[in-house]
Amino acid sequence: MSKIGLSIQMNHFAKALIILVVVSSVGSIAQSPNAHFLPLQPHKVQWANAVIKNALQTKDTIQLAEGWYLYGKIYEASGDFLTAKRYFMRSLRIQEKRGDSFELARLYFRLTEIERTLFHYKDAYRYAQLALQVAERINSTRALSLAYSSVQSIHESDWSEGGKNMTYPSPNYDSVLYYLRKKEKLVLTHGNPMDVRAVMTNLGTELRRRNDPKAIDYHQKSLDICIKEQKPSEIIVAKLQLAQACLQFKQLDKVKILIQEIEKDAAKLPNHPHLLNRTFQTSQNALYQYYYAAIGDWQKAFDYAQRVHAAERQKFLADREGAISRLSIEYETEQKEVELKAKQRELQLSQQSQQNQQRFVGILAVLLIGALTASIAFYRISVKNQRLSASNALLVHEQNHRVKNNLQLISSLLNLQLNRLSDDATKNVLEETQLRIEVMSTLQRTLYSGQTLGEVNLHDFLNEIIKIGLQTFGYEHLQTQTHIDSSLHLPIDHAMRIGLIVNELLTNACKYAFPDHPNPQWTLSCQQANRLWTLQVADNGPGFTPPQTITRKSSFGMRLIQLQADQLYANYSFEINKGSLFQMTFKV
């Protein structure tokens, strides 16, 4: 071989060694759980749901925190880091209240990895330091192992993006090696074989970065552990990493043997996509490329270089399609959640409406049964009353006479009390009360003197109420206008309610409309058309604005008017037009 050809071959080999350092890190990703995202696994989601449901039923906050942690792990494995972070934060709020524990250190470790993946330096560094502090305080081997891994990953990452952003630090490989050595001591004393194997692999990778031949010994130890533990897929990965280290340090004969063993071992594995993933195959092709370049077989080196290039292109396209797919799925999931919430609200409203309808129907049925029972009872009573109508008429007249006397007695007692009071407000209240009693007394006198039993002549009844009200307030000289047909009669209950309403309106006019008015006027009309009655009361005072809704805070007079109108099933209104106008319609 000529010197020029040998020089070209050595240049290619040197370039291969430089690129191999990068490929070695890719090879180590083959065993990283975050390098290969998995779809949401139903059985794990179901288990996490069961844990949370049981925690809510038993009010076990520790179990609830574990349920949120399981959810975070599931979404982290699927590549949905934002959702995973939300669940980890829920668990963290509970664990932080409990104080230092392995579970707290474990959460800080998970959050460090997520923030590192999202390239959030400050948050990742803070969580890594918190994990280390908790682990050191509780002196837990497992917690310290996780904490060392967190801090190591912070120092291993290139936060400056190749020196483009000087605000953030570049990789600190001395610190990486420092924490790897601390973790090595830890796992050699307390760790299981596979934990030891992981540390040996990481140390071998770091020593290869430093171009230290001791890297071969560490990768050999990693391979020996995999063989002892009988892990077929891990054996192949360990042999690939060992072959990369031997190639870097020009032990080509050993590389050749390892390549042959890798091909034999891979042929024995079942064709399962998760045993040897695409990243491993790319690393394998890269190893073959650099090996054949080192021994001068340029054709095979070129062929494998083409495969590596095709795999990288396919990975790039898959990552792009995966990102688009994940965004699409997230958008569709959000839309479905919105629709689901809307449907749940509609269902709740529908259920509430059905329950209200059932309650209303039940109450209505009870009322109807009660009304029917009462109707039957009243019918029987009315039949009996018809048989005893003659004697009952005498008794009713006697009762009316006694009621009239009792009302006169109450009015006299109120009058005596008025003479002894000095407070004007109290006297006004008693005077109004006395007027209302006078309405009842007038009704009794009208019944007593009338020819019809159970009915009242509205013309005589209302005119007497007006006369008494004007005399009480000193307006007996006022000429009122009343338009009431003398033939109109109303049942006792209806007449009583009409009388109370007219009395309240007249009292309001005497108190607020007539004073300081040069020409006060007050009119009342009551008309009947078939079963519909119309009552109108008007004055020419300054007017007032009645409340839109009568409440407990409204005046007693207003509430009394509303109560009587409701008992008549009447529609009423107040209008202000050159005075106050009250209109009410009701059926008899």
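Heads up: these notes are all about the structure in this document. One numbering rule holds for all chains: residues counted from 1, following each sequence as written. It should be noted that, the model being predicted, local features are given only for residues of pLDDT at least 70 and side-chain atom pairs only at 80 or more, the latter also being counted only at that level, while totals for whole chains, interfaces and linings use all residues. Side-chain measures here rest on the full set of heavy atoms in the structure, leaving out hydrogens and waters.

1. Points about the overall build of the protein
Logical step 1: Numbering of helices and strands runs from the N terminus, with a helix taken as a DSSP run of H or I at least four residues long and a strand as a DSSP run of E at least two residues long. In terms of helices and strands, the protein carries 19 helices and 7 strands.
Logical step 2: Whether a residue is buried, partly exposed or exposed follows from its accessible area with a 1.4 Å probe, protein chains only, as a fraction of its type maximum: under 20%, in between, or over 50%, in that order. Sorting the 588 residues of the protein into buried and exposed places 38% on the buried side.
Logical step 3: We call two residues contacting when some pair of their heavy atoms lies within 4.5 Å. Restricting to contacts in the protein with at least 6 residues of sequence separation, those with at least 24 account for 61%.
Logical step 4: In short, Shrake-Rupley with a 1.4 Å probe defines the accessible areas, and a residue's cover is counted only from the protein chains shown. About 35,300 Å² of surface is accessible on the protein, with carbon and sulfur atoms providing 53% of the total.

2. A look at the packing of helix 2 (residues 42-58) against helix 3 (residues 61-77)
Logical step 1: It is the contact of helix 2 with helix 3, at a shortest axis distance of 8 Å, that shows an interaxial angle of 160 degrees. Taken as axis vectors, helix 2 and helix 3 run roughly antiparallel relative to one another. The way helix 2 lies across helix 3 gives a crossing that is left-handed. Here Lys44, Val45, Trp47, Ala48, Asn49, Val51, Ile52, Asn54, Ala55, Leu56 and Thr58 of helix 2 lie close against helix 3, whose contacting residues are Gln63, Leu64, Gly67, Trp68, Leu70, Tyr71 and Ile74.
Logical step 2: The classification used treats Ala, Val, Leu, Ile, Met, Phe, Trp, Tyr, Cys and Pro as nonpolar, Asp, Glu, Lys and Arg as charged, and all other residues, Gly among them, as polar. Broken down by class, the residue content of the contact of helix 2 with helix 3 amounts to 12 nonpolar, 5 polar and 1 charged. Every angle, taken between N-to-C directions, lies between 0 and 180 degrees, and every axis is a line fitted to C-alpha atoms, over only the stretch in contact when it is a helix. For classification, angles of less than 35 degrees are called roughly parallel, those exceeding 145 degrees roughly antiparallel, those between 65 and 115 degrees roughly perpendicular, and all remaining angles oblique. What makes a crossing left-handed is the near helix being turned counterclockwise from the far one by less than a right angle; a clockwise turn instead makes it right-handed.

3. Overview of the pattern of salt bridges
Logical step 1: The term salt bridge refers to a side-chain nitrogen of Lys or Arg lying within 4 Å of a carboxyl oxygen of Asp or Glu. In total, this model carries 14 salt bridges according to the counting rule given.
Logical step 2: Note that Glu113 is salt-bridged to Arg116, the shortest N-O span being 3.0 Å. Of this pair, Glu113 and Arg116 both sit in helix 5 (residues 102-117), 3 residues apart, which is roughly one turn of the helix.
Logical step 3: Glu113 gets classed as buried once you look at its relative accessible area, which sits at 11%.
Logical step 4: For Arg116, a relative accessible area of 29% corresponds to the partly exposed category.
Logical step 5: For Glu261, the salt bridge is made with Lys239, and the minimal N-O distance between the two is 3.2 Å. Of this pair, Glu261 sits in helix 12 (residues 252-268) while Lys239 sits in helix 11 (residues 232-248), placing them 22 residues apart in sequence.
Logical step 6: Relative accessible area serves as the criterion here: at 30%, Glu261 is assigned to the partly exposed category.
Logical step 7: Judged by its relative accessible area of 9%, Lys239 falls in the buried class.

4. Describing the nonpolar core
Logical step 1: Formed by 43 residues in total, the largest nonpolar core has its most connected members in Leu203, Leu247, Leu287 and Tyr288.
Logical step 2: Of all the secondary-structure elements, those providing two or more residues to this core are helix 8 (173-190), helix 9 (193-209), helix 10 (214-229), helix 11, helix 12, helix 13 (278-295) and helix 14 (298-387).
Logical step 3: Formed by 42 residues, the second largest nonpolar core is a distinct cluster that contains Tyr87, Tyr127, Leu144 and Tyr179. The set of buried Ala, Val, Leu, Ile, Met, Phe, Trp, Tyr and Cys residues whose side-chain atoms join them within 4.5 Å is what this entry labels a nonpolar core.

5. A closer look at a positive patch on the surface
Logical step 1: What goes into a patch is any residue over 30% in relative accessible area without a salt bridge, connected to like charges within 9 Å or, for nonpolar side chains (Val, Leu, Ile, Met, Phe, Trp, Tyr), within 5 Å. Two residue types count as positive, namely Lys and Arg, and two as negative, namely Asp and Glu; His and chain ends fall outside the count. A charged residue contributes its charge at one atom only: NZ of Lys, CZ of Arg, CG of Asp or CD of Glu. Together, Arg86, Arg90, Arg93 and Lys97 line one region of the surface with positive charge.
Logical step 2: For Arg86, the location among the structural elements is in helix 4 (residues 81-98).

6. Notes on the packing of aromatic side chains
Logical step 1: For this analysis, a ring pair means two rings from Phe, Tyr or Trp (six-membered ring only for Trp) whose centres lie within 6.5 Å, classed as stacked if their planes differ by under 30 degrees, edge-to-face if by over 60, and tilted for the remaining angles. Tallied over the full model, the rule gives 21 aromatic pairs.
Logical step 2: Judged by centre distance (5.3 Å) and plane angle (65 degrees), the rings of Tyr291 and Tyr292 are edge-to-face.
Logical step 3: A ring pair is formed by Phe574 and Phe582, whose centres lie 5.2 Å apart and whose planes are at 55 degrees; its orientation type is tilted.
Logical step 4: A relative accessible area of 21% places Phe574 in the partly exposed class.
Logical step 5: Taking relative accessible area as the criterion, Phe582 reaches 1% and is therefore assigned buried.
Logical step 6: One aromatic cluster is present, formed by Phe119, Tyr121, Tyr125, Trp159 and Tyr168 through successive ring pairs.

7. Some remarks on the pairing of strand 7 (residues 580-587)
Logical step 1: Burial along strand 7 is one-sided: Ser580, Phe582, Met584 and Phe586 are buried, and none of Leu581, Gln583, Thr585 and Lys587, which face the opposite way, are.
Logical step 2: Strand direction decides the pairing type here: strand 5 (residues 532-539) and strand 7, joined by 8 bridges, are antiparallel. Bridging from a neighbouring strand, Thr534 pairs with Thr585 of strand 7.
Logical step 3: The rule for pairing is simple: two strands pair if DSSP sees at least two bridges between them. Relative to strand 7, strand 6 (residues 571-576) is paired through 6 bridges, and the arrangement is antiparallel. If you follow Phe574 over to strand 7, its bridge partner there is Phe582.
Logical step 4: Here strand 6 folds back onto strand 7, and the loop between the two strands holds 3 residues, one of which, Lys578, carries a positive phi near 55 degrees.

8. Notes on the sheet that holds strand 2 (residues 481-484)
Logical step 1: Strands sit in the order 2-4-5-7-6 across an open sheet of 5 strands; the sheet is mixed. The sheet terminates laterally at strand 2 and strand 6, the two strands that pair on one side only. Strand-to-strand twist across the sheet, computed as the mean angle between neighbouring axes with direction ignored, equals 10 degrees.
Logical step 2: Sheet contacts for helix 18 (residues 492-513): strand 4 (522-529), strand 5, strand 6 and strand 7; angle to strand 7, the most-contacted strand, approximately 175 degrees.

9. What to know about helix 8
Residues three or four positions apart in an α-helix share a direction because the helix packs 3.6 residues into each turn.
Logical step 1: Under the 1.5 Å per step criterion, the end-to-end length of helix 8 is 25 Å for 18 residues, consistent within 8% with the ideal 26 Å.
Logical step 2: Turning to helix 8, its buried residues number three or more, namely Ser175, Val176, Leu177, Tyr179, Leu180, Lys183, Glu184, Leu186 and Val187.
Logical step 3: Looking at the buried positions of helix 8, the neighbouring elements they touch are helix 6 (121-138), helix 7 (141-156), helix 9 and helix 10. By this rule, a helix spans an expected 1.5 Å times one less than how many residues it contains.

10. A look at the side chain of Thr112
Logical step 1: Here Thr112 lies in helix 5.
Logical step 2: Here a polar contact means two N or O atoms within 3.5 Å. Within protein one must be a hydrogen donor candidate and the other an acceptor candidate, and residues neighboring in sequence count only if both atoms are side-chain atoms. Only 2.7 Å separates the side chain of Thr112 from the backbone oxygen of Tyr108, close enough to count as a polar contact.
Logical step 3: If near-sequence neighbours (up to four positions away) are discounted, Thr112 is found in contact with Ala124, Tyr127, Ala128, Ser150, Ser153 and Ile154.

11. Digging into the packing of helix 5 against helix 7
The geometry of a pair of packed helices is captured by two quantities: the angle between their axes and the separation between those axes.
Logical step 1: Axis separation between helix 5 and helix 7 bottoms out at 9 Å; the angle between their running directions is 20 degrees. Taken together, helix 5 and helix 7 sit at an angle that is classed as roughly parallel. The handedness of the crossing between helix 5 and helix 7 is left-handed. Facing helix 5, whose interface residues are Phe102, Ala105, Arg106, Phe109, Thr112, Glu113 and Arg116, helix 7 presents Arg142, Ala143, Leu146, Ser149, Ser150, Ser153 and Ile154.
Logical step 2: Of the residues assigned to the contact of helix 5 with helix 7, the class counts are 6 nonpolar, 4 polar and 4 charged.

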